[in-house]
Amino acid sequence: MTTTTPGPSALRGAVGTARTRIEGREKVTGAARYAGEIPFADLAHGWLVLSTVTRGRILDVETAPVLAMPGVLTVLHHGNAPRLHTDYVGMLGTPPDPTCAVFQNDRVPFAGWPVALVVAETPEEAREAAEALVVTYDSEPHDTALYAEHPGAYAAAGHMPAETEKGDLEAQLAASAFVVDAEYTTPEEQHSMMEPHAATARWEGGRLEVVDSNQGAGWVQGELATMFSLDASSVRVRSEHIGGGFGSKGLRAHQVSAVMAATALHRPVRVVLTRRQTFSLGGYRSPTTQRVRLGAAPDGRLLALEHRSLNQTSTVYEFVEPSAGVARVLYDADAHRTANHVVRLDVPSPTWMRAPGEAPGSFAIEAALDELAERGGIDPIELRLRNEPDVGPVSGLPFAGNNLAACFREGARRFGWADRDPRPGVRREGRWLLGTGTAAASFGAGAAPSTALVTAEADGSFTVRITAADIGTGARTALTLIAADALETAPEQVRVRIGDSDFGPAMIAGGSMGTRSWAWAVTAAAAELRERLAMATSIPPEGITVRSDTTEALGALARKERHSFGAQFAEVAVDTATGEIRVRRMLGVFAAGRIVNPLTARNQLVGGMTWGISMALHEEAVRDRNTGGHYAPDLAGYHVATHADTPAIEVDWVDDHDPDDPVGIKGVGEIGIVGAAAAVANAVWHATGVRHRDLPIRPDRVLSATVPEPAGGAADA
């Protein structure tokens, strides 16, 4: 039997050590190939044609002139495309968005709806032909405007109860010493990841293979198999390298249309979405209108809490941005009411986007808490600590760990919060008004059933196979460290293979549940493999392989409130003469379970906080109400934070191991953005004395606001 001697890294434990990405060299040298770059023989190229009307019916698709153009192979549309099976519930517990089930009827429910696919020998020929395709429509009146009192709004559950309520809210508000009743809004936000959506479909030996950029190869495999009425074993989806996802890269129109075209032409077909097309077909974070009512006793204890959120969805698919959900975790009150509502409009379907619900919801509730602290004359951190719940405010379940207080205390110490003058508009440095703000963060720490294969190779190394997805988070590296510790060997002795649906069912990269779910499966397989190796006298040439399935273990877990927590701090400088806001520094301290790889974990948290700056000050996708289309749907018109907008961001964490998890981890993918925008907005109030309840805080909004005179005179910073 060949044995492996643990190296120094294994002896001290690989988990918890800073490691550069295993695939880092390949990525920076260009050796790592993404879905749109992998070559195929006889490859054809598809180009989607999107509707130019907001709502209506397709009257005619004039294919003949286009089919006569050079290189054009076919034009697929509702008149000739295969019929798809769409009456099913997918992996995420919902039916598929009809936007993915392309070319099934002549209806157009929003501007940018896919109406045809032109396939040609080259992408240039496909694009030219697609732009020449004439589609005639019968337009209908449309509604694209979201506002608080929209008559079409209704309560919608999504992945959590639509409404929760306990206590007499009106009575507790009436009994409160101080009250906040305010409306907060967040705009539509776009994913716009670095790598566009791309997929290549081909038939090989009677089996469909799709090379894709997605957040779960098994997820896309299952959806495609069901939609095309295929046996799951006859579909293989591969997605090795992904250049960002953020919730957008599930099943989309480009994968389905590529499969249609490959089936019709009997050759590989690739479809890549343009940047502009992703604004219509890639999903987005819905704008929200949120009303928060808070009432507190003289000591700051919350007597009443109401958080109501409204988001838009399409007329063909219901998606809930559950912004009121964060209040169900962070704070309790004698009377507690939350509600998530939606309204169907003639717009594309929203989708999951980093910290769905928590990101916009934390802006509203954390800004309202800041207002409450001001009115009650209580320090914002102290107010939050006084209202920290002992159990889930809505569920009544015990917390699996709640170290929010530790995050605030450590963050306050490091940020210098004790030296803060609570009065707004009194700290000045030249033309700049300076202010500091804070906010709490919370995000769920779940796990989903997954399988993993771990093989002890004859040469003493180990191979891990799992249908995981590394969307830029460093999951491939984290799993290598986890597997090394579980196998009691060095990381250099472990090869981790991911992104292939043939490896078996596993959780997608989403909900900050990916690494936690996959790690559970890998450690379970590794434990059984070690037992088998202890009894084996030798390893055969094909190795010894163990398969795990965590379904039973996860089903046996006790019901608890499981979350990561964090405290966000920001310092801003505001020039009220120009409207310019500069974030000077940020600090985030998190309780996010055991940190597997400090290097990539810090990367994720800093990225989330940077996105929070972008959310607070820059990001806003604006629709033309007359057409339902975007103004400037590209990265020139859609502003994001750049290096010049990003200050020194400091990240740290407190000890926070989850005793119910075999590795002790929770997840860091999304907690970094939660509360970040609120901390910046609260800092802007502290700098100027003006409360901005609508994001982003653009220069024109700063200029149009009335800035009060400094109380007690200006003080030099």
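None of these values were measured; they are calculated from a predicted model. (Residues numbered from 1 in each chain as written. Predicted model: local features only at pLDDT ≥ 70, side-chain atom pairs only at ≥ 80, totals over all residues. Heavy atoms only, no water.)

1. Quick notes on the overall build of the protein chain
Here is step 1: The number of helices and strands found in the protein chain is 18 helices and 28 strands.
Here is step 2: Taken against the 2.2 N^0.38 rule, which gives 27 Å for 717 residues, the C-alpha radius of gyration of the protein chain at 26 Å falls within 12% of a compact globule.
Here is step 3: Overall, the C-alpha framework of the protein chain stretches about 80 × 75 × 50 Å when taken along its three principal axes.
Here is step 4: Looking at the 717 residues of the protein chain, the share that counts as buried comes to 60%.
Here is step 5: Within the protein chain, counting contacts between residues at least 6 apart in sequence, those at least 24 apart form 82% of the total.
Here is step 6: Surface summary for the protein chain: the accessible area is close to 26500 Å², and the carbon and sulfur share equals 51%. (Helix = DSSP H or I, 4+ residues; strand = E, 2+ residues; numbered from the N terminus. Rg over C-alpha atoms; globule rule 2.2 N^0.38 Å. Buried < 20%, exposed > 50% of the residue type's maximum accessible area, 1.4 Å probe, protein only. Contact = heavy atoms within 4.5 Å. Areas by Shrake-Rupley, 256 points an atom, 1.4 Å probe, with all protein chains shown as cover.)

2. Here we look at the side chain of S512
Here is step 1: Among the structural elements, S512 can be located in the loop between β23 (494-497) and α14 (514-535).
Here is step 2: For S512, a relative accessible area of 12% puts it in the buried group.
Here is step 3: Residues contacting S512, with those up to four places away along its chain left out, are F443, G444, K666, G667, G669 and E670.

3. Digging into the layout of surface pockets
Here is step 1: Estimated volume of the second largest pocket: approximately 650 Å³.
Here is step 2: Residue lining of the second largest pocket: 27 residues in total, with L50, S51, T52, G112 and Q277 positioned closest to the centre.
Here is step 3: Of all the secondary structure elements, the ones that give two or more residues to the lining of the second largest pocket are β1 (44-50), α4 (123-132), β6 (134-139) and α8 (275-281).
Here is step 4: Of the residues belonging to the lining of the second largest pocket, the class tally is 13 nonpolar, ten polar and four charged. (1 Å grid on protein atoms, 1.4 Å probe; cavity = no way out; pocket = protein on both sides within 12 Å on 5 of 7 lines; lining within 4 Å. Points joined across faces, edges and corners; volume = space filled by probe spheres on them. Nonpolar A, V, L, I, M, F, W, Y, C, P; charged D, E, K, R; others polar.)

4. Some words on the sheet that holds β1
Here is step 1: Taken together, the seven strands give an open sheet; going across it, the order is β3-β5-β1-β14-β11-β12-β13, and neighbouring strands pair in mixed fashion. With partners counted over all chains shown, the strands left at the sheet margins are β3 (72-77) and β13 (235-238), one partner each. Across the sheet, the mean angle separating the axes of adjacent strands is 20 degrees when strand polarity is ignored.
Here is step 2: Both β1 and strand β5 (residues 114-120) contribute to a ladder of six bridges, which runs antiparallel. Bridging across to β5, L48 finds its partner in L117.
Here is step 3: Across the sheet, helix α6 (residues 217-227) touches β12 (207-212) and β13, and the angle it forms with β13 is around 145 degrees.
Here is step 4: Each of β1, β3, β5, β11 (198-204), β12 and β14 (269-272) touches helix α7 (residues 253-265); the most contacted strand, β11, lies at about 30 degrees to it. (Pairing = 2+ DSSP bridges. Axes fitted to C-alpha atoms, helices over the stretch in contact; angles between N-to-C directions.)

5. Considerations on α4
Here is step 1: Among the residues of α4, those classed as buried are A126, A129 and A130. End-on view of α4: buried residues confined to an arc of 100 degrees, all on one side of the axis. Across α4 from its buried face, at more than 90 degrees, point the exposed residues E124, E128 and E131.
Here is step 2: Along its buried surface, α4 packs onto β1, α3 (63-67), β3 and β5. (Arc of directions from axis to C-beta.)

6. A word on the nonpolar core
Here is step 1: Counting 85 residues, the largest nonpolar core has Y184, L294, I365, F569, V572, M586 and V680 as the members making the most contacts within it.
Here is step 2: Those residues in contact with M586, other than ones at most four positions away along the chain, are Q568, F569, A570, M609, I613, A648, I649, E650, A676 and V680. (Core = buried A, V, L, I, M, F, W, Y, C linked by side-chain atoms within 4.5 Å.)

7. Notes on the sheet that holds strand β2 (residues 56-62)
Strands pair in a sheet through their backbones, by hydrogen bonds, and they do so in one of two ways: parallel or antiparallel.
Here is step 1: Judged by pairing direction, the sheet is antiparallel, and its three strands sit side by side in the order β4-β2-β6 without closing on themselves. Single-partner strands in this sheet number two, and they are β4 (107-108) and β6.
Here is step 2: Summarising the sheet, β2 and β4 pair through two bridges and their orientation is antiparallel. Note that in β4 the partner of R57 across the bridge is R107.

8. Quick look at the packing of aromatic side chains
Here is step 1: Under the counting rule described, the total for this entry stands at nine aromatic pairs.
Here is step 2: Geometrically, the ring pair formed by F279 and Y638 is edge-to-face, given 5.9 Å between the ring centres and 85 degrees between the ring planes. Placement of the pair is F279 in helix α8 and Y638 in the loop between α16 (598-617) and β27 (648-653), with a sequence separation of 359 residues.
Here is step 3: On the basis of relative accessible area, F279 is assigned to the buried category, the value being 2%.
Here is step 4: On the basis of relative accessibility, which here comes to 2%, the residue Y638 falls in the buried class.
Here is step 5: These aromatic residues form a ring-pair network of at least three members: F408, F415, W417 and F569.
Here is step 6: Against the face of F415 rests R585, its NZ or CZ located 3.8 Å from the ring centre. (Phe/Tyr/Trp six-rings, centres within 6.5 Å; stacked < 30°, edge-to-face > 60°. Lys NZ or Arg CZ within 6 Å of the ring centre and 35° of its normal.)

9. Some remarks on the side chain of S461
Here is step 1: You can see S461 is positioned in the loop between β21 (451-456) and β22 (462-465).
Here is step 2: At a separation of 2.6 Å, a polar atom in the side chain of S461 contacts the side chain of D459.
Here is step 3: Polar contacts involving the side chain of S461 include one to the side chain of R495, which spans 3.2 Å.
Here is step 4: Sequence-distant contacts of S461, that is, excluding residues within four places in its chain, are made with T455, A456, Q493 and R495. (Polar contact = N/O pair within 3.5 Å; in protein donor to acceptor, adjacent residues only side chain to side chain.)

10. Re unusual backbone geometry
Generally, phi is negative for residues other than glycine and the peptide bonds are trans, each holding for most cases.
Here is step 1: In this structure, the amide linkage connecting L695 to the following residue, P696, adopts the cis form with an omega of -5 degrees.
Here is step 2: One non-glycine residue, F103, lies in positive phi territory at about 60 degrees.
Here is step 3: With respect to the helices and strands, F103 occurs in the loop between β3 and β4.
Here is step 4: Among the residues examined, F103 registers a relative accessible area of 2% and is labelled buried.
Here is step 5: Here the phi dihedral of S512 falls at roughly 55 degrees; this positive angle occurs in a residue that is not glycine.

11. Brief notes about the environment of G579
Here is step 1: Structurally, the position occupied by G579 is in the loop between β25 (563-575) and β26 (580-591).
Here is step 2: For G579, a relative accessible area of 2% translates into the label buried.
Here is step 3: Each C-alpha atom, one on G579 and one on A441, is 28 Å from the other, the two residues being 138 residues apart in sequence.
Here is step 4: Other than its neighbours up to four places away in sequence, G579 contacts P699, V702 and L703.

12. A few points about empty space enclosed by the protein
Here is step 1: Tallied over the full model, the rule gives three cavities of 30 Å³ or more.
Here is step 2: Its boundaries defined by the atoms lining it, the largest cavity holds a volume of some 40 Å³.
Here is step 3: Lining the largest cavity are D97, T99, F110, R252, S280, L281, G283 and S349.
Here is step 4: Broken down by class, the residue content of the lining of the largest cavity amounts to two nonpolar, four polar and two charged.

13. A closer look at the packing of α16 against helix α17 (residues 676-688)
Here is step 1: Where α16 meets α17, the axes come as close as 7 Å, and the angle between the chain directions of the two elements is 50 degrees. Considering the angle they form, α16 stands oblique to α17. Viewed along their axes, α16 and α17 form a crossing whose handedness is right-handed. Taking contact as the criterion, the partners of M609, G612, I613, M615, A616 and L617 in α16 are, on α17, A676, A677 and V680.
Here is step 2: Split by residue class, the contact of α16 with α17 holds eight nonpolar, one polar and no charged. (Parallel < 35°, antiparallel > 145°, perpendicular 65-115°, else oblique. Left-handed = near helix turned anticlockwise from the far one by under 90°.)

14. Digging into the environment of D485
Here is step 1: By secondary structure assignment, the location of D485 is in helix α13 (residues 475-487).
Here is step 2: Separated by 91 residues in sequence, D485 and T576 place their C-alpha atoms 54 Å apart.
Here is step 3: Not counting residues within four places of it along the chain, the set of residues in contact with D485 comprises G13, A14 and V15.
Here is step 4: Separated by 2.7 Å, the side chain of D485 and the backbone nitrogen of A14 make a polar contact.

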